[in-house]
Amino acid sequence: MRRLRILVLMHAELVPPDSLEGLPEEEWNRWKMEFDVLAGLESLGHEVIGLGVEDDLRVIRNAIEAHQPHLVFNLLMHFHDAGVYDSAVVSYLELLRVPYTGCNPRGLLLAGDKALSKKVLAYHRINAPRFALWRRGKQVQRLPSRLRFPLIVKSASEHASTGISQASIVRDLDQLAERVAFVHRSVGTDAIAEEYIEGREVTISVLGNERLTVFPPWELSFDSLPRGAEPIATARVKWDRKYQRKVGVHTGRAEDLGPELEQRLPRLARRIFRALDLSGYARIDLRIDAEGRPWVLEANPNPDLCFGEDFAESAETTGIPYATLLQRICGLGLGYRAPWKG
Ligand SMILES: Nc1ncnc2c1ncn2[C@@H]1O[C@H](COP(=O)(O)OP(=O)(O)O)[C@@H](O)[C@H]1O
Ligand SMILES: [Mg+2]
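Residues numbered from 1 in each chain as written. Chains lettered and ligands numbered in written order. Predicted model: local features only at pLDDT ≥ 70, side-chain atom pairs only at ≥ 80, totals over all residues.

Enquirer: In this structure, what is going on with the overall build of the protein? I would like to understand it.
Expert: The secondary structure content of the protein amounts to 12 helices and 13 strands. The C-alpha atoms of the protein give 20 Å as radius of gyration, which agrees with the globular expectation for 342 residues (20 Å, within 12%). Expressed along its principal axes, the backbone C-alpha trace of the protein runs to roughly 55 × 45 × 45 Å. In the protein, buried positions account for 40% of the 342 residues. If you take every contact in the protein between residues at least 6 apart in sequence, the share linking residues at least 24 apart comes to 70%. (Helix = DSSP H or I, 4+ residues; strand = E, 2+ residues; numbered from the N terminus. Rg over C-alpha atoms; globule rule 2.2 N^0.38 Å. Buried ≥ 20, exposed ≤ 12 C-beta atoms within 10 Å, placed from the backbone. Contact = placed C-beta atoms within 7 Å.)

Written out as structure tokens, the structure is:
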């Protein structure tokens, strides 16, 4: 690929220093992805301009006018503190007619809404847990007749396991009402309660716009969870490295899935990617129950791109090193057929 001028958009508080050296883990852990992406793009020989973004669109527009980038590398996850505005920022980039990496606005909107995405998947007969939604301000009065405990209560629109802990799994109406109110109050979004699927937790990474590359299924497991704790990806499991070591969090190639699932899972990941109109790169979260049935938990467009995390690791096992992966993501950004291109 020719040398590109790439404007990397990231949250202002996550703009990394030039080196990780001498910094404590809790510090660099926050902006490791930004650091890895900037370094990776530089290693490819591109002209890389990092831009910290707060809540002002003019900063983006000015930088685009000043630098005339060939491509925006989009690492923004929210705007005005709202996850649902991730798609609005990308819409803005399309209106400015700049190519960008990652998912298009419609895919972000569909996949970012945990209720709407499951409705779309149901149309495609893709198996997802049954659920109910409580808008902000609505209290739980009774259990919808189609739902069975245990349920797991989550934000309907936030990611990164925001608001997810062991207390998210509820086993009666009182716990459900309490946890829905908790999500409304402390996450500040609508709340969704899904049937809790016991089983193995597997994620599948997908790269592409029209032609898709699917990486091998990746599994999350635990060596030493405390007794009584369910093996779920809580916020601590995802982000707290000390806690990860304590409970022995493991991620790696899902072994012994059997020939049928090995065949079926990549096809399923592709169908989900297409059903939700995703583009660029995404990770599909699934659970496999005791009968070997896959259930989709959610699709994550623009997933974590840290070197050494699930997406990059599973790509690496198929012979795509980190820098090459970033290069492919750039190529997909340039190639995406946005409506403004005609
Ligand atoms: N229906 C479910 N059954 C079992 N576990 C679930 C279910 N929904 C979520 N979880 C657990 O909670 C984690 C986070 O949920 P997820 O829907 O992926 O939200 P996020 O967008 O925050 O990643 C999952 O990785 C899984 O461990
Ligand atoms: Mg998830």
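Enquirer: In this structure, what is going on with the pairing of strand 12 (residues 280-288)? I would like to understand it.
Expert: Of all nine residues in strand 12, seven are buried, a share of seventy percent or more. Looking at chain direction, strand 8 (residues 200-208) and strand 12 are connected through nine bridges and run antiparallel. Bridge assignment links I204 to a residue of strand 12, and that residue is I284. Relative to strand 13 (residues 294-301), strand 12 runs antiparallel, the two sharing seven bridges. Note on strand 13: the bridge partner recorded for R283 is N300. Counting the residues in the hairpin turn of strand 12 and strand 13 gives five residues, including G292, whose phi is positive at 80°. (Pairing = 2+ DSSP bridges.)

Enquirer: Help me understand the domain arrangement of the protein in this model?
Expert: Where interface size is quoted, it is often the accessible area lost as the parts come together. Looking at the protein, the domain boundaries give domain 1 (5-102), domain 2 (130-195) and domain 3 (199-339). Distance from the C-alpha centre of domain 2 to the C-alpha centre of domain 3: 24 Å. Between domain 2 and domain 3, the contact holds eight residues from the first and seven residues from the second. (Domains from an automatic or database assignment.)

Enquirer: I would appreciate a short explanation of the site of ligand 1 in the present structure.
Expert: The environment of ligand 1 is formed by 17 residues, the closest being H159, E194, I197, I232 and A233. Among the elements of the structure, strand 5 (151-155), strand 12 and strand 13 are those that each provide at least two residues to the shell around ligand 1. Taken together, the residues of the shell around ligand 1 sort by class into nine nonpolar, two polar and six charged. In this structure, the shell around ligand 1 is formed jointly by two domains, domain 2 (130-195) and domain 3 (199-339), each of which donates at least three residues. (Near = placed C-beta within 6 Å. Nonpolar A, V, L, I, M, F, W, Y, C, P; charged D, E, K, R; others polar.)

Enquirer: I tried to follow the sheet that holds strand 7 (residues 191-195) on my own but got confused; where do I start?
Expert: Adjacent strands of a sheet form backbone hydrogen bonds with each other and so pair up, either parallel or antiparallel. Spatially, the four strands line up as an open sheet ordered 4-7-5-6, and their pairing is antiparallel. At either margin of the open sheet sits one strand with a lone partner, and together these are strand 4 (131-134) and strand 6 (169-170). Taken together, the five bridges between strand 5 and strand 7 define a ladder with antiparallel strand orientation. Within strand 7, the residue paired with V153 across the bridge is A193. Together, strand 4, strand 5 and strand 7 form the strand contacts of helix 6 (residues 114-123), whose direction differs from that of strand 4 by roughly 145°. Contacts from helix 7 (residues 173-187) reach strand 4, strand 5, strand 6 and strand 7 within the one sheet, and its direction differs from that of strand 5 by about 15°. (Axes fitted to C-alpha atoms, helices over the stretch in contact; angles between N-to-C directions.)

Enquirer: What's the story with the packing of helix 2 (residues 32-43) against helix 12 (residues 322-335) in this structure? I'm lost.
Expert: Each packed pair of helices is defined by two parameters, the angle between the axes and the distance between the axes. At a closest axis distance of 9 Å, the pairing of helix 2 and helix 12 adopts a crossing angle of 85°. Classified by the interaxial angle, the pair formed by helix 2 and helix 12 is roughly perpendicular. Here V37, G40, L41 and S43 of helix 2 come into contact with helix 12, specifically with Y322, A323 and L326. Split by residue class, the contact of helix 2 with helix 12 holds five nonpolar, two polar and no charged. (Parallel < 35°, antiparallel > 145°, perpendicular 65-115°, else oblique.)

Enquirer: Would you explain the sheet that holds strand 3 (residues 71-74) in this entry?
Expert: Here we have three strands laid out as an open sheet, ordered 2-1-3, and parallel in their pairing. If you trace the sheet from one side to the other, it starts and ends with strand 2 (47-53) and strand 3, each paired once. Across the sheet, the mean angle separating the axes of adjacent strands is 25° when strand polarity is ignored. Taken together, the seven bridges between strand 1 (residues 5-11) and strand 2 define a ladder with parallel strand orientation. Directly across from M10, in strand 2, lies its bridge partner G52.

Enquirer: How should the nonpolar core be read in this particular structure?
Expert: Taken as a class, soluble globular proteins show a tendency for nonpolar side chains to be buried jointly. Formed by 66 residues in total, the largest nonpolar core has its most connected members in V8 and L9. No other element matches the six residues that helix 12 contributes to this core. When residues of this core are sorted by domain, at least three fall in each of domain 1 (5-102) and domain 3 (199-339). Within the second largest apolar cluster, 16 residues are counted, among which are F131, V153, A191 and Y196. (Core = buried A, V, L, I, M, F, W, Y, C linked by C-beta atoms within 7 Å.)

Enquirer: What should I look at first to understand helix 6 in this one?
Expert: Two residues of an α-helix separated by three or four positions point the same way, owing to the 3.6 residues in each turn. Within helix 6, the full set of buried residues consists of K114, S117, K118 and L121. Mapping the buried residues of helix 6 onto a view down its axis gives an arc of 100°, with all of them on the same face. Of the residues in helix 6, the exposed ones pointing more than 90 degrees away from the buried face are K119 and Y123. Packed against the buried residues of helix 6 are helix 5 (105-112), strand 4, strand 5, strand 7, helix 10 (259-275) and strand 13. (Arc of directions from axis to C-beta.)

Enquirer: I keep staring at the pairing of strand 3 and nothing clicks. Help me out?
Expert: Each regular strand shows side chains that alternate between the opposite faces of the sheet. Of the two faces of strand 3, the one lined by L71 and F73 and the one lined by V72 and N74 are each fully buried. The pairing of strand 1 with strand 3 spans four bridges and is classified as parallel. Across the sheet, V8 pairs through a bridge with F73, a residue of strand 3.

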